[in-house]
Structure formats: structure tokens, C-alpha cells
Amino acid sequence: METGKVNVTVTVNGVRRSAMVEPRMLLVHFLRDGLGLVGTHIGCDTSQCGACTVLLDGEAVKSCTVLAVQADGSDVTTVEGLGDMENLHPVQEGFWEKHGLQCGFCTPGVMMTAVGLLKQNLNPTEEEIREGLEGVLCRCTGYQNIVRAVQYAAARMSESEGHREVAAAGDDSGEGGR
Amino acid sequence: MPNVFGTPLKRREDPRLITGKGNFTDDIQLPGMLYMAVLRSPHAHARIKRIDVSAARQVPGVVAVYTGKDLEGKMGTIPTAWLVPDSDIKTPPHHALAVDQVRYVGDGIALVVAEDRYTVRDALELIDVEYEELPPVVNQEEAMKDGAPQLHEGVPNNIAFHWKAGEVPDEVFDRAEVVIRRRFYQQRLIPNPMETRAAVAQYNPSSGEMTIWCTSQNPHIHRFILSGVLGIPETKLQVVAPDVGGGFGCKIAVYPDEALVGYVARDLRRPVKWTEDRREHFTTTTHGRDMILDVELAGKRDGTLTALRIKNTANLGAYLSTAAPGVPTILFGLIAPGPYKIPKAAVEVIGVLTNTTPTDAYRGAGRPEATYQIERMIDLFADEIGMDPLEIRRKNLIREDEFPFDNALGLQYDSGNYHRALNKALEMINYDQFRKEQEEARKKGRYLGIGFSTYVEICGLGPSKVAGAVGFQGGLWESATVRVHPSGKISVFTGASPHGQGEETTFAQIVSQKLGVPVEDIEIVHGDTNRISMGWGTYGSRTTPVGGSAIAIACDRVLEKAKKIAAHALEVSESDLDFEDGAFQVQGVPGKKITFQEVTLQAYLAWNLPEGVEPSLEAQSFYDPANFVYPFGTHICILEVDGETGEVKLKKYVAVDDPGPVINPMVAEGQVHGGIVQGIGQALWEGAVYDENGQLISGTFMDYAMPKARFFPAFETAFTETPSPVNPLGVKGIGETGTIASTPAVVNAVVDALKPFGVKDLDMPLTPEKVWKAMQKGRREA
Amino acid sequence: MRIEVRHPFSTSRKVVWKFLQDEEVLRRSLPGCRKLEEVSEGVYSAELGLNVGPVKGMFTGEVKLSELREPESYRLTMSGKGKPGEIRGDARIRLEEAEEGTVLICNAEAHVTGVLASVGQRVMGSVAKLILSQFFKAVEKEIRHSTPK
């Protein structure tokens, strides 16, 4: 029970953070108690609910299944790093526009899951979205508006992706690429 | 000023919640804060012979350890707040930590306080308890039998109360053309809001003031009760419900844990936090339902219903939780005839204590059980007389011109147009076409089913006079303070305590509509007993009909005063003024007006107020409704049962709900969605299971099947809007309709699908195994 | 929870019986056994390390052998307590003559509390079977090693 502490360095939302932690400390506790990033929530203790989902090196993971020491040297993005009111991520925008949240407790984890999902598939069908939400539980919304929120985000993101591609294509033809 | 009532405004609570800037109880960090954890009984029933806490005390970082004996006499017991009258109710003491005896798996025995959350768990494991196991009893009918293990002294046969309403003599059933008798088991459910319970307490030893932040649906009720339990006057006790991550009824109750956190914070003079883990939630937070319903429905061969009689044997768990006695009695019994003209009805309820987690309100609380039995019974009745389930409903539903309608158990349904909601729902499907498809599919070995639920429910709890008459130890009015600041911006303080339902938005819409002030200029303040006058919180779909109405009335009072000031300023009489677009306008004199904002400033400057008018612009209402309100609607479910596996696949779900005028359709629709999913959860998957020793064996999300996104099709929802005459907004309530309506709609549909197998009824949840077995039985018998 | 396990031994009932009653054999054969001491006639105090899926822990408790009817049957009752909860077991063990020697039939009833009940119960049945089979296999090995053919 008395264990030697070890140093962990993680880049969280673009900022390098170091701390001495117990080897058994979960990443979610490190984020919440250690770094004060309480936007990531804890909804269960068996890794079923997904409320604690964050991006670890760009991939959605449940931060209650990761030890802080395992995240050493990694990049972590939490909801606090997803976007703020001046610059909302399309997923955040979708959740607001489409009433994808009620109590808001599962929301950070569900949004990070959605970000992970859209990274793999920018144009998911409704069925694929519902499948993609397999790892999260929401007790309030009945999921329908979460699905709509993800669809909204997907449309926004592929729109801007489209713009980027058009812009890139324009660059290519005009200036022979840089 | 555009009409904001009825507009799908984006929610104003969302910006903080989508950016990770919410403030939930477990997010609170205070300097010097300690962590508390509670050791809980692994036995359902046992005497505590010895507790050895010495090893736990030795753990570095542990600050204190307490046992039930340490606290005995130093804090009050946890009371129940619903003493159902004329029921011989017994209220055995519920100690915050068990003293000699534990009565369910999860009963608190000892607590540890330590510097961090890991240490506190380490120490907890080192407490050594020696138990003398006692025989447990889990089932309510077993518990009532002579010779069953007795939980409490002075509660013979574990019967906590015996309540009756109405009477139907036997001869009514003896002489009836058709009588259907059926037993339904309303399985035990676990509320599981995604945020578990938590509490933080901070005590100031110099001033004697204490603040408790906790996951509460009703912080004023928490203050009311905790003040008594802890012996802290309400003047010194502040209870705050910060952002609360869902409640569904389980955060109404005042639990031992919140009291313990307060006790320890005062004793140790340091802030203390306790956060329930999910496994703890499964065993210690109140469960819902667990009622055995024996129902008799009498009627004629032509489909006319004549009498309903029900015996409800309700499992209350080991102790009487805060509102527990009211759920199977008042909230279930009185609405049992549902939306149908049934001239005679009687309900008998026996509340039984068992060695299980206490039960209490869970979304719908009594009304889902009532709706389930009547919606199932009417289908069984129709089947018996060979009538279409739709026809029997049409025949018996209360007609529009029959409102207000007095049901057989003394409730007066305020308003309704049940046939309109039913017809609207039917427009969204094609019933005749479906029946044809069903017929065709059956020939090919595919089993389609359709289920109806034409429900009515009680909302807007409720008139305080009635609350008193039915034994609720509180009022059920609601408070609102509308404070217009000198700038014209408005703070609204409500005694309701929303926790996901969106009233920071919808209440602002009410105020905006009333006062012509943009929504952006209105802030809704809730959840803090130091800022808000006494109120009763959010449950029973009361927030909008009662809390919202209080706000509307306070707005009217603001307007009344403002009008006086405006008339004075414009040197006209009040009767010459119209209030429109946020300004007082002199009738017939275009341009002669004064804006609400200007009036507000004048009210505060008070340089030139009319005779007898005091400065400032603020009004309050303590609104006590004259009656409950009765939302209603029709839900229709179409599904397919897999003939090979018994799996139920939902194909189409239509919901038409009538909550009165809809303030924000987007928010209202969201409430319906969530409700439907929770109700279908009960129908198909959820169920808390105890083994015969009182061990909860569905105690994690691995074992307790929570509804997930992929289980559902997109729901099709619509509203009809029949105003209630009860309150000034005409609103009814939409928070529980989905849960109340959907469960029987789905079960009716499954039973309809299984008709070729001779299936009349199945106990929930309708798991593939259960459905498959029913089909196999049908195949064997065919 | 009821469990039934059968295990064949390629030797006589008498021999199997002797080994099953031998404290040294038990100590070596019981999976995860850290301690086994006879505290009175047929009653042992024991420490076992358990590993049930997500639940791991040390269990201390008592094992009692009674109703001995050599070489046919006996009763084994045990109660154990550990961090994840408590276990109570009551097993009837029968030795039957078979073609190849002996068949042991163990019918046990087990009760668990705590995490074991809420988390472990789903897998407890199969895990208990596994542990018992491991035990009987270990006993079989002991017999093979000590009885050269």
C-alpha cells in the first residue's frame, strides 16, 4: 500500500505537465485530482460507461482503464482542450445545436468518443454512429439527439474538409504545390 | 419582441457543460479537504459482534475512523417523510451507521476519513468485522409469512403499512360478464444516473455555519431534514445542489451519507468529501419499483369496463426511504384506472420491509406501475372478448367533453383530449396496413407486433392541502423570486432544482415572454438554500407546472408594479396602458410609451414614484396549485421478435404526448426521448436480481443491462397541446411521460407478436431467453 | 450456487481416500494454498490465494472434514473471508468404484458475499469448478508420484 512514487510527464491539452504519482494511480484521477481538470468525469468502476473518455495520442480511451504511468510521454486531450466558447469543436457545436445533452455528466466522455469515431469515419451512417457509441452510457437523452449531434458534427467537419481539399487542389494547380 | 414561448431555443446551461466547465459535486476541491468512505455490510442480515478498526487507524494518512457505536446518540436517525395516513405505518429507526444489526447488503457499518481517496480505500479494507449471520428475507411475500425473519422490532411480519382506497364488493366481480385476473411483477430497477451520489461538507467552527454540497434534486428538503439530523439550525446550514448529473428520483431521498459527511466535517473541523462509486450506487442508492400487482378487471362482452381491483404488495427494502411509502400508495393507487371510464375501483397496498436496498421514487414513481397494469389489462380484456386493442381503448377512453373528470378513486383529471392524441399517433403509422403485413409475415415465420399505450399520469405535485391529506410531511407549493436589476437584467430564483431538464432555458423563456426582456438578460438561479427562499425541488414532473407557474405569477406582480410606475411617469391612468413589445404603450397614442427598462430604472432611483409605491422592482410568489395536472398521450410501438433467438427488435416507435402548451419543443422532445428509453429499459433489459441470500448479483454495468444507443430506432414524436385550467401557464409536465407510456407499449407489442404461440403475458424484462422459452412452450403445445 | 464436479482416478477408492485425507497432500494440492494447519480433529485453518477474474485476494478461513465414511464419502465444509467478500461452501464428496479405478463426485453448494457476489458471481461457478479440478488433478499427481507402478 505504501508505494514509491514515480514521475509522470504528460502533455495535456498542449501543456507539458509533470507530477510524482503512485504507480497505481489511474489516469482519470491524475487528470481530475492531480491537474484539476475536472471536466473528465467518472461514471463507473468497471470501464462500461465511457464518461471518462479522453484522447490519448489522438485515440479515444477510457481514462479509468489507463494508469497515469502508462500515459507517460503521451499526448492527452480532455474536454477542456477540445474547444472553448470562442472556438467550439464541431462536436461541441453539434451537442449544443441538437440538444445532445441534458444533465451533461456523460457529455465530455461521449463527445470525446464522438471525436474518436469521426476520426475513423467522417461520414458515418446513423447505424454506424449508434454502433460507435457502444462504449458509452447516457441515462438522460435516449441517444437520439446524441446521434443528431454527431451527424451535425460530421457534416460540419466534412464540409470544412471539403473546403480544405478544394483549397489544396487550387494550390496544386495554380502554383504547382509547395 | 418575438414570441419565445414555443421556440426551440438552444439551452443556456450547455456552454459550461460542453466545455468541461460544469461544477458537479465531485469536482469541488477545498483546501485541506479530506476524503470519506463507508464500509458496507457484505451480509443481507447479520448481527455485528465485533468491529476492529485498529489496523485502519494505523494507516498513514488516515485521520479518523468511526463506527455506528461512536455516533450513537450524537446524530439523529434518518427519517421518512411520507407517513401514509390510516395505514398503521411503522417507522423503524434508520441509523446513519448500523449499530448492532445490518439489514441489507450495503448497510453502512463504519467510515474512514483520510487525506486522499486511495488511502481511504486502503484503510477501509483493514477494518475487521465479525458478524453473526441471520437468515435474510428478500421477497416481500415471503417476508410477510409467519415465521419469516424479522427485520425490526415493532414491525410484526415486516409489514410497514397497509393502505386502502376505494371499495369494490365481490359481487361486482361475481356478476360480471367478463373478469380478467392477472399477476404482474414490476421488477426492481436501479436508477443509475451517470453521476453517482456525492457530498462535500465544510464547517466553520467560529460561526457555526455549515455548507453541504450534494447531489440533490431538492436542496431545501435536504436542509430541512439534515438540520434535524445534525442539530444545526437552518440559519446556519446551507445546502447547495451544484450541477447534478441526473437523478431520476434517486436523488430525492436524504441518505445517511450526506449526514455523515456533515457530521465528520464538523467533528474534524476540516472539509470532507464523499463520492459513491458505481458498485456502491448499485447497493446503497435507492432502487425503484419491486411491486407485485394482483389485478382484477371486470367488464361486459361489448368491451365496457366496469370495475378494477388491485392488490399491490410492495417491497420497500430494509428501511423506509424519504418518499418511499407514497410511491406504491398515493402515486400508484389513485391513478390506477388510467384514462378509462371505470366506474368502480379499489386499491389495497401492503408495504413490506425486506433485507434489500431501500426502494423509493424512480422516474414516474408509481405511475409507470399503474399505467403498466391497466394498459396490459385492457389488452388482455380485448383479447378475451375478441376485440381490437384499439377499439376497446376508443370505447373506454374519457371523452373530451367529460372533463374535468372524477375518477373512481377521487382524483379529478383537469383536462384532456385523449382521442385526439390517439388519432394523431395513428396518423403516424398505418394500422390497417400493419395488420396486413403482420398477417403476411406470420405466414413466413416472422413475428411482428404492435403495442399501444394510451396513458394518463399525475404531475405537478401538487396541492399542499392534498400533500397533507396523503401524509407527505411537507408542502408541495413552489417559490419564485423575480428580481429586476436597475439595468433591466433579471435574476430569477426558483425553489425548483433542475438537474438536466433544461429549466435554465425554459424558465427564462417564461420570463422573457411575460416581461418582454430578451432571454440573454435573464438568469435562472437554483439549487442554493442561502440564495433561494424555501422551495420543494424537482421531481414528479412538478418543475414547470408548479415552479414555472410561480415564476409566471411573480412576473405578473412585477408587471403590476411596473405599470403603476409607468402610468405615473406617463401621467395617464393604468387602464390606459397596454404592455407590448417590452414597453408600456398609451392606447391610441402611438409613440407615447415607456420601456420596461426605463420603468425599472425609475423604480430603483425612486425619485418620482407614485403615492404608496415602494422603490425597487422585485416580486415573489409562493404558488400552491389547486390541483394536480394530468398529461396524457398515446405511444405506439412496432417491433419484430426473432423466431429463432427470441430477440426483440424495435422497428418503429411513435409518441404523441400532451403536456399542455410546449415552452421549448426541442427540450420537451429530449425529455420524451430519454423517458422512452428508460421505460423500454424496464420492458426489455433492466432488472435488479438478488440471490436467496440477499446478495445483489446484478451489481455492476456488466450485469445490469443499461440501454445503449444501438438498441433503438429513431423515435417519431409529436405533441398535442391541451391547456390545463389548473395553472396560469396551462402547462402539465413532460419529464416522466416517456417512461410511463413506453413500458406497456413495448410489452403489449411483444405479446401481440407472440400471439401465434398462445402467449398472453410475460414478466419483464423480456429478455431473449424468456421470449424464446415462451415460443418453445407455444411450439410444444401447438 | 450449486456446483458438481466429477474427476476420475486410476486407482482404488482406498488410495484416493488416503490421499484426500492427508494434510501434507492437501497443503500441496489446494490451489493457492499458503497455509493449512489442523487445529482440531478434522478441522483446519487455511489461507488460500484466490483469483476470480477481476477479483483477486487472500482468503483466510476454516476447512472441516466430517461425516467420514471411508472409503465412500465425506463432507467438506469451508468458510473463508477475504477483502473481496466471504465464501461459504458445503460439499459432499463421494467416491465410486469405476472401471478404471475410482470416480470422485463432488456436489457443492457455495455462497458468496461482497464483490464476489456482485461482480464475481457470474463466473464463480466455472471458476469454482476450475479450482476444484485443479485440486483433484494435483491430488492425482501426488498419487502417481508416490505409487510406482
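Parameters and conventions
Residues numbered from 1 in each chain as written. Chains lettered and ligands numbered in written order. Predicted model: local features only at pLDDT ≥ 70, side-chain atom pairs only at ≥ 80, totals over all residues. Heavy atoms only, no water. Helix = DSSP H or I, 4+ residues; strand = E, 2+ residues; numbered from the N terminus. Rg over C-alpha atoms; globule rule 2.2 N^0.38 Å. Buried < 20%, exposed > 50% of the residue type's maximum accessible area, 1.4 Å probe, protein only. Contact = heavy atoms within 4.5 Å. Areas by Shrake-Rupley, 256 points an atom, 1.4 Å probe, with all protein chains shown as cover. Lys, Arg positive; Asp, Glu negative; His and termini not counted. Charge placed at Lys NZ, Arg CZ, Asp CG, Glu CD. Buried area = accessible area lost by both parts, 1.4 Å probe. Salt bridge = Lys/Arg side-chain N within 4 Å of Asp/Glu carboxyl O. Polar contact = N/O pair within 3.5 Å; in protein donor to acceptor, adjacent residues only side chain to side chain. Pairing = 2+ DSSP bridges. Axes fitted to C-alpha atoms, helices over the stretch in contact; angles between N-to-C directions. Domains from an automatic or database assignment. Nonpolar A, V, L, I, M, F, W, Y, C, P; charged D, E, K, R; others polar. UniProt positions renumbered as here; feature names shortened; annotations may be inferred. Phe/Tyr/Trp six-rings, centres within 6.5 Å; stacked < 30°, edge-to-face > 60°. pLDDT = per-residue confidence, 0-100. Patch = residues over 30% accessible without salt bridge, like charges linked within 9 Å, V, L, I, M, F, W, Y side chains within 5 Å. 1 Å grid on protein atoms, 1.4 Å probe; cavity = no way out; pocket = protein on both sides within 12 Å on 5 of 7 lines; lining within 4 Å. Points joined across faces, edges and corners; volume = space filled by probe spheres on them. Right-handed = clockwise from strand over helix to strand, strands pointing away. Expected span 1.5 Å × (residues − 1). Core = buried A, V, L, I, M, F, W, Y, C linked by side-chain atoms within 4.5 Å.

A short note on the overall build of chain C
Summing up its helical and strand segments, chain C has three helices and seven strands in all. Counted from the first residue to the last, chain C has its helices and strands arranged as β-α-α-β-β-β-β-β-β-α. Over its C-alpha trace chain C gives a radius of gyration of 15 Å, about what one expects of a compact globule, namely 15 Å for 149 residues. Principal-axis analysis of the C-alpha atoms places the extent of chain C at approximately 45 × 30 × 25 Å. When each of the 149 residues of chain C is scored for burial, the buried share is 48%. Taking the intrachain contacts of chain C between residues at least 6 apart in sequence as the baseline, contacts between residues at least 24 apart amount to 49%. Put simply, chain C shows about 8000 Å² of open surface, and 50% of that area lies on carbon and sulfur atoms. A distance of 6 Å separates the average location of the 24 positive side-chain charges in chain C from that of its 21 negative side-chain charges.

Looking at the interface of chain C and chain B
Opposite the 14 residues of chain C that make contact, chain B presents 18 residues. Buried area between chain C and chain B, both sides added, is near 1300 Å², and the carbon and sulfur share of it is 44%. At the junction of chain C and chain B, the tally comes to two salt bridges. A salt bridge links Glu133(B) to Arg88(C); the nearest nitrogen and oxygen atoms lie 2.6 Å apart.

Considerations on the interface of chain B and chain A
Accessible area lost on assembly of the parts is the figure often given for the size of an interface. Every contact between the two is made by 59 residues of chain B and, on the other side, 53 residues of chain A. Of the roughly 4800 Å² buried at the junction of chain B and chain A (both faces included), carbon and sulfur atoms supply 57%. Where chain B packs against chain A, one counts nine salt bridges. A salt bridge links Glu669(B) to Arg148(A); the shortest N-O distance between them is 3.3 Å. Joining chain B to chain A, the criterion identifies 28 residue pairs in polar contact (both at pLDDT 80 or more). Of all the elements in the fold, those that place two or more residues in the side of chain B that touches chain A are helix 1 (14-18), helix 4 (117-124), helix 9 (278-284) and helix 19 (665-685) of chain B.

Regarding the sheet that holds strand 19 (residues 478-484) of chain B
All names here are of chain B. Sheet architecture is open: four strands sit in the order 21-20-19-25, paired in mixed fashion. The two strands at the open ends of the sheet, each matched to only one other strand, are strand 21 (522-525) and strand 25 (617-623). Taken pair by pair, the neighbouring strands of this sheet meet at an average axis angle of 15°, ignoring direction. The pairing of strand 19 with strand 25 spans seven bridges and is antiparallel. Considered in strand 25, the bridge of Thr481 is made with Gln620. Strands strand 19, strand 20 (490-494) and strand 25 of the sheet are contacted by helix 17 (residues 543-570), whose axis makes an angle of about 145° with strand 25.

Structural notes on the environment of Gly39(A)
Relative to the assigned elements, Gly39(A) resides in the loop between helix 1 (27-34) and strand 3 (53-56). Using a relative accessible area of 1% as the deciding quantity, one classes Gly39(A) as buried. A C-alpha to C-alpha distance of 14 Å links Gly39(A) and Lys62(A), two positions 23 residues apart in sequence. Those residues in contact with Gly39(A) that sit more than four places away from it in its chain are Val79(A), Glu80(A), Pro108(A) and Gly20(B).

A short note on the arrangement of the chains
Pairwise contact counts over the two pairs of chains in contact peak for chains A and B. Nothing in chain A touches chain C, and the closest approach of their C-alpha atoms is 10 Å.

A few points about the domain arrangement of chain B
Residue and element names in this part refer to chain B. According to the domain assignment, chain B contains domain 1 (14-134 + 194-246 + 251-284), domain 2 (288-461 + 627-781) and domain 3 (477-623). Taken together, the contact between domain 1 and domain 2 spans 30 residues of the former and 29 residues of the latter. Taking both sides of the interface into account, the surface hidden between domain 1 and domain 2 amounts to around 2300 Å²; carbon and sulfur atoms contribute 69%. If you sort the residues of domain 1 by the area they bury against domain 2, Trp82, Tyr104 and Phe282 come out on top, with a joint share of 29%. Linking domain 1 with domain 2 are zero salt bridges, by the criterion used here. One can count eleven residue pairs in polar contact (both at pLDDT 80 or more) joining domain 1 with domain 2. Among the elements that take part in the side of domain 1 that touches domain 2, helix 9 stands out by supplying five residues, more than any other. The residue inventory of the side of domain 1 that touches domain 2, partitioned by class, reads 17 nonpolar, eight polar and five charged.

Regarding the UniProt feature "domain: Aldehyde oxidase/xanthine dehydrogenase a/b hammerhead" (unreviewed entry) in chain B
In this numbering, the UniProt entry assigns the feature "domain: Aldehyde oxidase/xanthine dehydrogenase a/b hammerhead" (unreviewed entry) to residues 19-135 of chain B. Helix makes up 15% of residues 19-135 of chain B and strand 30%. Its end C-alpha atoms lie 51 Å apart.

Points about the packing of aromatic side chains
All names here are of chain B. Inspection of every chain in the model, using the stated rule, returns 25 aromatic pairs over all chains. Measuring from ring centre to ring centre gives 5.4 Å for Tyr431 and Phe452, while their planes differ by 75°; the resulting arrangement is edge-to-face. One end of the pair, Tyr431, is in helix 14 (residues 431-443); the other, Phe452, is in strand 18 (residues 447-456), with 21 residues separating them in the sequence. Taking the relative accessible area as the measure of exposure, Tyr431 reaches 11% and is therefore buried. Residue Phe452 is classed as buried on the basis of its relative accessible area of 1%. Three or more aromatic residues link up through ring pairs in this structure, and these residues are Tyr653, Trp685, Phe711, Phe712 and Phe715.

As for the confidence of the model for chain C
Per-residue confidence for chain C gives a mean pLDDT of 85; residues scoring 70 or more make up 93%. Within chain C, helix 3 (residues 114-146) of chain C has the poorest average pLDDT of any element, 81, and helix 1 (residues 13-20) of chain C the best, 92.

Thoughts on a nonpolar patch on the surface
Taken together, the side chains of Leu601(B), Leu605(B) and Trp607(B) define a hydrophobic patch exposed on the protein surface, amounting to about 340 Å² of accessible area. In this structure Trp607(B) comes out as exposed when scored by relative accessible area, which is 70%.

Section: empty space enclosed by the protein
Residue and element names in this part refer to chain B. Taken as a whole and assessed by the stated rule, the structure comprises five cavities of 30 Å³ or more. Empty space within the largest cavity amounts to approximately 170 Å³. Residues belonging to the lining of the largest cavity are distributed by class as follows: eleven nonpolar, eight polar and four charged. When residues are assigned to domains, the lining of the largest cavity turns out to be shared by domain 1 (14-134 + 194-246 + 251-284) and domain 2 (288-461 + 627-781), each giving three or more. Of the volumes computed, that of the second largest cavity is approximately 100 Å³. Around the second largest cavity, the lining is made up of 16 residues, and of these Arg16, Asp243, Pro498, His499 and Gly500 lie nearest the centre. For the lining of the second largest cavity, the residue count by class is five nonpolar, six polar and five charged. Each of domain 1 (14-134 + 194-246 + 251-284) and domain 3 (477-623) accounts for three or more of the residues forming the lining of the second largest cavity.

Describing the sheet that holds strand 7 (residues 159-165) of chain B
All names here are of chain B. Reading across the sheet, the five strands line up as 7-15-14-13-8 and stay open at both edges, with mixed pairing between neighbours. At either margin of the open sheet sits one strand with a lone partner, and together these are strand 7 and strand 8 (178-189). For this sheet, the mean inter-axis angle between neighbouring strands, taken without regard to orientation, is 10°. Strand contacts of helix 11 (residues 367-385): strand 8, strand 13 (288-299) and strand 14 (305-317), with the helix running at about 145° to strand 8, the strand carrying the most contacts.

Considering the pairing of strand 21 of chain B
All names here are of chain B. Across four bridges, the pairing between strand 20 and strand 21 is parallel. Across the sheet, residue Phe493 finds its bridge partner in strand 21, namely Val525. The β-α-β motif built from strand 20, the intervening helix 16 (residues 503-515) and the parallel element strand 21 has right-handed crossover chirality.

What to know about helix 3 (residues 107-120) of chain A
All names here are of chain A. In this model, helix 3 (14 residues) spans 20 Å end to end at C-alpha, consistent with the 20 Å of a helix rising 1.5 Å per residue. Summarising burial for helix 3: twelve of the 14 residues are buried, a large majority. Taken together, the buried positions of helix 3 are occupied by Thr107, Pro108, Gly109, Val110, Met111, Met112, Thr113, Ala114, Val115, Gly116, Leu117 and Leu118.

Focus: helix 7 (residues 219-230) of chain B
Residues and elements named next belong to chain B. Here helix 7 contains twelve residues, and its C-alpha end-to-end distance of 15 Å stays within 8% of the 16 Å for a straight helix at 1.5 Å per residue. Of all twelve residues in helix 7, ten are buried, a share of seventy percent or more. Against strand 10 (209-214), strand 11 (237-240) and helix 8 (256-268) lie the buried residues of helix 7. A positive backbone phi angle near 70° is found at Gly231, which sits one or two residues after helix 7.

Concerning the nonpolar core
By size, the foremost hydrophobic cluster in this structure holds 164 residues, and its most contacted members are Met36(B), Tyr413(B), Leu639(B), Val641(B), Val746(B) and Val750(B). The dominant element in this core, judged by the number of residues it contributes, is helix 11 of chain B, at nine residues. Those residues in contact with Val641(B) that lie beyond four places of it in its chain are Tyr447(B), Gly646(B), Glu647(B), Val648(B), Val750(B), Ala753(B), Leu754(B), Val771(B) and Met775(B). Core analysis: the next-biggest nonpolar cluster, separate from the first, contains 52 residues, Val110(A), Val147(A), Ala149(A) and Phe282(B) among them.

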